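# Fold and geometry: a report
What follows is each chain in one-letter form.
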Amino acid sequence: MPSFTTQNPSLQATGPILELQIAVPAAVQASLVQGGQPVPQPITVSGLIDTGASACVLQQGLAAQLNLNPIGSTSINTPSSTNVQCYEYAVRYVLPNNVTVEGTMIEAPLAGQNIQCLLGRDLLAHGTLIYIGYANLFSLSF
Amino acid sequence: MAELLKTELKTFEEHREELLGRASGDFALVHNSEVVGTYKSKEDAITEGYRRFGNVPFLVKQILAVDTSEDFTSNHIAI
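Please read all numbers here as calculations on a predicted model, not as lab measurements.

## Notes on the pairing of strand β7 (residues 99–108) of chain A
Residues and elements named next belong to chain A.
- Bridge count for strand β4 (residues 57–59) against β7 is three bridges, and the pairing is parallel. Directly across from Gln 59, in β7, lies its bridge partner Ala 108.
- Pairing geometry for strand β6 (residues 84–95) and β7, over eight bridges, is antiparallel. Note that in β7 the partner of Tyr 93 across the bridge is Val 101.
- Counting the residues that bridge the hairpin from β6 to β7 gives three residues, and of these Asn 97 lies at a positive phi of roughly 65 degrees.

Right under this line is the structure:
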């Protein structure tokens, strides 16, 4: 089973943050290659595993860097807003240890500079998340 | 939000009742003003969208009587 484990001495303070890459989905890559067009390079981002997020979120503007077009529109509720319409994009997650998962992300502005994506329960639905607080580590497998 | 998918969302609404009657819970693939088809999984609808149309905007939307929202309990989203 593909998996990775991350240890972070500041796990309690920062939360389960990891570095990952966001790439165009395999279907887009195949289409671009077939058409002789360049495939956008994956973007390296810091992501927070957020069990309070029902879906994954990508920082606003990054989908354009991947030259992606929306495949959906969905409304989101946050602590301060309700029913805000946002675009949804198909992406490929390249997680540590080269664990690769195809999925979708909602594009929205994320507060602060240190996190460019939230990894929510739609991604976690495909895997097993283990959080061992006393050892400052977490593990995700698919 | 910008105007992308405006036509597709309008098309979906125009066909929602009919789609509910024959494919409730499935995922509709809509491009411009055409409902291309319905699929059991979101992934299948997305794959078919890229296969047919390439990397252009299209709509994949679950066929429900009332749309659901995604919920975020933290303050990470600046909206």
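## Comments concerning the sheet that holds strand β1 (residues 27–31) of chain B
All names here are of chain B.
- Taken together, three strands build an open sheet; the order of strands is β2-β1-β3 and the sheet is antiparallel. Looking at strand neighbours, the two that pair on one side only are β2 (34–39) and β3 (59–62), the edges of this open sheet. Between one strand axis and the next, the sheet turns by 25 degrees as a mean value, whatever way the strands run.
- Both β1 and β3 contribute to a ladder of four bridges, which runs antiparallel. Pairing of Ala 28 across the sheet is with Lys 61, part of β3.
- Against the sheet, helix α1 (residues 6–23) contacts β1, β2 and β3, and its axis sits at roughly 145 degrees relative to β1.

Definitions and limits used
- The residue count restarts for each chain, going from 1 along the sequence in the order it is written.
- Here every chain gets a letter starting at A, and every ligand a number starting at 1, in the order they are written.
- Reporting of local features is limited, given that this is a predicted model, to residues whose pLDDT is at least 70; pairs of side-chain atoms are given and counted only at 80 or more, and all residues count toward the totals for whole chains, interfaces and linings.
- Two strands qualify as a pair provided that DSSP identifies no fewer than 2 bridges between them.
- Starting at the N terminus, helices and strands are each numbered in turn, a helix being any DSSP run of H or I of at least four residues and a strand any DSSP run of E of at least two.
- Between N-to-C directions, angles span 0 to 180 degrees; the directions come from axes that are lines fitted to C-alpha atoms, helices contributing only their stretch in contact.
- By the convention adopted here, residues are in contact when the distance between their C-beta atoms, placed from the backbone, does not exceed 7 Å.

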